[in-house]
Amino acid sequence: DLPPTGSKQWQPYFQKTFEIFAKLWRFQQQNRFVLENTYRLKRWEVGEIASKIGQLYYHYYLRTSETNYLQESYVFYDAIRERRYFNEVSEMKSAALMIKKLRYYARFTVVSLLLNNRDILSTLKEELKELVNEYITTYKPQDASEWKLVVQEISAFTDAEKKLHPVNPSGTVLPVARRLQTSKVISAALDKEGSSSSTKLRLQEAILVGSAHNQIKFSELTIDMYRMLQSLERETSQIRGTTDIKETVTSAVAAAVATGVTGEGSSSTNPPIKEEGVEEATISQRRAAEKAAKRSNPHKCLLYRPTLSQLMVYLATAFKELSNDSAMLLYISADGLKRPAPDHLGARGYHGGILTNARKVTDHSDPEQQSISHCLHPGDLLPFTRKPMFLIVDSNNSVTFADLPRVFNHPFMSLMSPTEYPPSIPDTSQVGELFTLFLHAPILAFSFICGIEQIAPDAWEHCSALIMQAEAKIAELMAAATLDKPVRRFLQDEFLRQFMIRFALCYTILKAHIAFTEPKYLPTSYPPLPASILESQEVLSKIQALAVLMNATCFEFEDPLEVSS
């Protein structure tokens with residue numbers, strides 16, 4: 001319940017909670033026989049403890065952005081299901097216990113979704129649906145509609161992802177990289193950007209806002225927020241069920257699990273939850289492993305339909321937390337509000353913006369005044385540009401944020417989505433915004449605008465390689481181009497440079513598409529990137545090769561493709 005901002009406030013409480021659960025877990029392992037036979041400890045009670053540990057790991061992941069903790073959460077949730085700790089709940093005819101089981105399934109689903117574990121996700125979705133039907137039929141609860149909505153949301157969410165993913169001829173979904181994968185070619189081209197300065201700029205704080213009307217969501221996570229969240233994390237190691245997980249962080253609870261698996265009090269008929277492959281380690285070994293496994297992901301705050309006051313509080317807190325040579329990212333996916341230019345002077349930056357959530361609207365209030373008051377105008381961000389700020393706006397009024405006065409001379413850049421899309425492009429309301437998709441996974445966005453639904457695995461692999469080659473070429477062009485010094489500073493951070501590179505790739509692909517014929521159909525940036533990057537023939541040749549490989553006929557290229565042997 002503690003505010004997620006400000007690590008110094010909540011960190012001690014999490015540490016203490018981890019230590020308590022470590023003791024509790026070890027205690028039930030070492031005394032399982034007595035607890036079961038003398039005190040009648042139930043299997044669902046052990047499952048509930050494990051579920052709380054999984055939930056603790058998940059919330060710690062949200063606050064630290066370290067994907068190791070997300071993996072730990074998965075391990076516990078998966079073990080609960082594998083060992084069937086909640087199986088006896090249905091027989092006990094208790095609505096309260098059934099709710100515990102449903103909540104466990106919902107939380108496990110969220111974790112599996114964030115880890116893109118499609119196999120288990122499909123199974124969980126069906127099992128959750130059956131459990132909700134059983135719960136409603138048996139208990140006729142007042143919260144029946146709420147649990148039905150949970151099932152509908154997860155179905156809509158997974159269906160939206162399924163619509164975007166091409167499959168191979170046998171119907172298997174083709175792989176797509178979701179998180180940051182460090183490219184040696186791009187690093188070689190751009191890492192020298194920070195060589196002249198004492199410290200490289202790094203992305204420290206990221207605020208992700210999802211306020212788009214009627215966008216698909218699950219558990220206050222819109223599909224755009226879901227994609228952007230993963231784009232701000234480094235690629236994790238492959239998730240394990242019973243496979244080796246030696247690379248995970250050995251935290252307080254994991255250490256307790258590792259050292260407690262051989263407890264003499266453990267019941268042979270009820271095997272304890274344990275992490276296969278985690279070896280007992282000395283304190284120094286644990287510290288070394290934790291240091292090696294730690295990923296330097298930026299700290300993220302997820303805001304689903306926040307009010308203006310909530311958003312300003314989070315911006316102010318993130319601003320306060322920023323250290324020297326660090327930047328803040330603000331990502332906004334929301335509906336726009338256009339406003340006629342005010343008559344009075346000094347109104348630059350207040351000609352409209354994006355709508356935030358107005359939770360209290362009085363009956364006699366002026367709707368137009370309410371909209372203006374609850375709108376985030378570009379000028380509202382001006383105080384926070386006293387430190388480096390990177391802005392991404394996906395909205396039908398995104399271009400308004402190009403009208404932000406430069407007052408404090410700190411690095412600032414905004415990437416803005418197209419304000420409209422051609423009528424021939426499929427409706428994006430049920431799959432998420434196209435601009436965000438390009439920044440997250442360009443190959444999925446390319447497939448979507450070309451209507452590609454099926455492709456051979458080897459061709460798909462070749463397509464992925466062409467996308468990487470195009471990104472590498474854009475990186476080379478950015479290194480050679482004459483860019484403003486503040487813009488160059490953003491290239492020092494791997495996450496921000498990836499967004500800049502994919503913005504350029506998005507522009508080039510859409511510009512070559514036969515349907516994107518008007519400026520409003522194309523993304524924009526401030527400061528604008530030079531034509532040497534956005535209109536490069538070398539990048540276009542990669543896109544042309546990609547179109548040929550996918551048999552996409554929706555592009556026009558001036559020069560024929562030269563096929564090399």
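Here the structure is a predicted model, which means the values were calculated and not measured.

Draft legend 1. Spotlight on the packing of aromatic side chains. Taken as a whole, this structure holds 24 aromatic pairs when the rule is applied. An angle of 75° between the planes, with centres 5.5 Å apart, marks the rings of W10 and F14 as edge-to-face. Here W10 pairs with F14, and both are found in helix α1 (residues 7-30), just four residues apart, close to one helical turn. By the burial criterion, W10 is buried, and F14 matches it.

Draft legend 2. Region of the structure containing the confidence of the model for the protein. Counting all residues, the mean pLDDT for the protein is 85, and 83% of those residues have values of 70 or more. Under a pLDDT of 50 for its full length, residues 238-250 has, in the predicted model, 35 contacts with residues more than four places off or in other chains. Every residue in residues 256-290 is under pLDDT 50, and counting partners more than four places away or in other chains gives 67 contacts.

Draft legend 3. Fine view of the pairing of strand β1 (residues 202-210). For β1, the tally of buried residues reaches eight of nine residues, placing the bulk of the element in the interior. Pairing of β1 with strand β3 (residues 326-333) involves eight bridges; the strand directions are parallel. By the bridge assignment for β3, G210 is matched with S333. As paired elements, β1 and strand β2 (residues 299-304) share six bridges and run parallel to each other.

Draft legend 4. Just the sheet that holds strand β5 (residues 352-355), in detail. The strand order across the open sheet formed by three strands is β4-β5-β6, and the pairing between neighbours is antiparallel. Taken across any chain shown, the strands that pair with only one partner, and hence form the sheet edges, are β4 (336-338) and β6 (375-376). The pairing of β5 with β6 spans two bridges and is classified as antiparallel. Bridge assignment links I354 to a residue of β6, and that residue is L376.

Draft legend 5. Up close: the side chain of T508. Take T508: it is sitting in helix α18 (residues 494-512). Within polar-contact distance, the side chain of T508 engages the backbone oxygen of L534 at 3.0 Å. With residues up to four places along the chain from it excluded, the contact list for T508 reads I533, L534, V539, L540 and I543.

Draft legend 6. Local environment of the sheet that holds β1. Pairing in this open sheet of six strands is mixed, and the strands run β2-β1-β3-β7-β8-β9 from one edge to the other. In the strand order of this sheet, the two ends are held by β2 and β9 (524-526), each with one partner. Across the sheet, the mean angle separating the axes of adjacent strands is 10° when strand polarity is ignored. Sheet strands in contact with helix α12 (residues 308-321) are β1, β2 and β3, and its direction is about 175° off that of β1. The sheet contacts of α18 involve β1, β3, β7 (389-394), β8 (412-416) and β9, and relative to β8 the element is tilted by about 45°.

Draft legend 7. Quick look at the pattern of salt bridges. Summed over the entire model, instances satisfying the criterion amount to 16 salt bridges. Note that K100 is salt-bridged to E48, the shortest N-O span being 2.6 Å. Remark: E48 occurs in helix α3 (residues 43-64) and K100 occurs in helix α5 (residues 95-114); sequence separation between them is 52 residues. In this structure K100 comes out as partly exposed when scored by relative accessible area, which is 31%. Here K520 ties to E518 by a salt bridge, and the two come within 3.7 Å at their closest N and O atoms. Three or more residues joined by partner-sharing salt bridges are found here, namely E161, R178 and R227.

Draft legend 8. Focus on the pairing of β8. The buried count for β8 comes to five of five residues, which makes it a mostly enclosed element. Judged by which residues are buried, β8 turns out to be covered on both faces: F412, S414 and M416 on one side and M413 and L415 on the other are all buried. In this sheet, β8 lies alongside β7 in parallel orientation, the contact comprising five bridges. Residue pairing in the sheet places F390 in a bridge with M413 of β8. Sheet topology places β8 next to β9; three bridges connect them, and they run antiparallel. Looking across to β9, one finds that S414 is bridged to Y526.

Draft legend 9. Structural view of the packing of α3 against α5. Two elements in contact, α3 and α5, have axes separated by 11 Å at closest approach and are oriented at 35°. Between α3 and α5 lies a crossing whose hand is left-handed. For the pair α3 and α5, contact is made by W44, E48, S51, Q55, Y58 and Y61 and by L97, K100, Y104, R107, V110, V111 and L114, respectively.

Draft legend 10. Highlighting the nonpolar core. Within the largest apolar cluster, 143 residues are counted, with the highest numbers of intra-cluster contacts made by F390, I449, M478, F499 and F555. When residues of this core are assigned to their parent elements, the largest contribution, 13 residues, is made by α18. By size, the runner-up hydrophobic cluster in this structure holds 26 residues, among which are V209, I332, L381 and F401.

Draft legend 11. The packing of α3 against helix α4 (residues 67-82), seen in detail. Where α3 contacts α4, the axes come no closer than 8 Å and their chain directions differ by 160°. Taken as axis vectors, α3 and α4 run roughly antiparallel relative to one another. Here α3 runs over α4; the crossing is left-handed. Contact residues: α3 offers G47, A50, S51, I53, G54, Q55, Y57, Y58, Y60, Y61 and T64, while α4 offers T67, Y69, L70, E72, S73, F76, Y77 and I80.

Draft legend 12. Expanded view of α5. With 20 residues, α5 should cover 28 Å at 1.5 Å per step; its first-to-last C-alpha distance of 29 Å lies within 8% of that length. For α5, the tally of buried residues reaches 15 of 20 residues, placing the bulk of the element in the interior. Positive phi appears at N116, one or two residues downstream of α5, with a value of about 55°.

Calculation criteria
Residues numbered from 1 in each chain as written. Predicted model: local features only at pLDDT ≥ 70, side-chain atom pairs only at ≥ 80, totals over all residues. Heavy atoms only, no water. Phe/Tyr/Trp six-rings, centres within 6.5 Å; stacked < 30°, edge-to-face > 60°. Helix = DSSP H or I, 4+ residues; strand = E, 2+ residues; numbered from the N terminus. Buried < 20%, exposed > 50% of the residue type's maximum accessible area, 1.4 Å probe, protein only. pLDDT = per-residue confidence, 0-100. Contact = heavy atoms within 4.5 Å. Pairing = 2+ DSSP bridges. Polar contact = N/O pair within 3.5 Å; in protein donor to acceptor, adjacent residues only side chain to side chain. Axes fitted to C-alpha atoms, helices over the stretch in contact; angles between N-to-C directions. Salt bridge = Lys/Arg side-chain N within 4 Å of Asp/Glu carboxyl O. Left-handed = near helix turned anticlockwise from the far one by under 90°. Core = buried A, V, L, I, M, F, W, Y, C linked by side-chain atoms within 4.5 Å. Parallel < 35°, antiparallel > 145°, perpendicular 65-115°, else oblique. Expected span 1.5 Å × (residues − 1).

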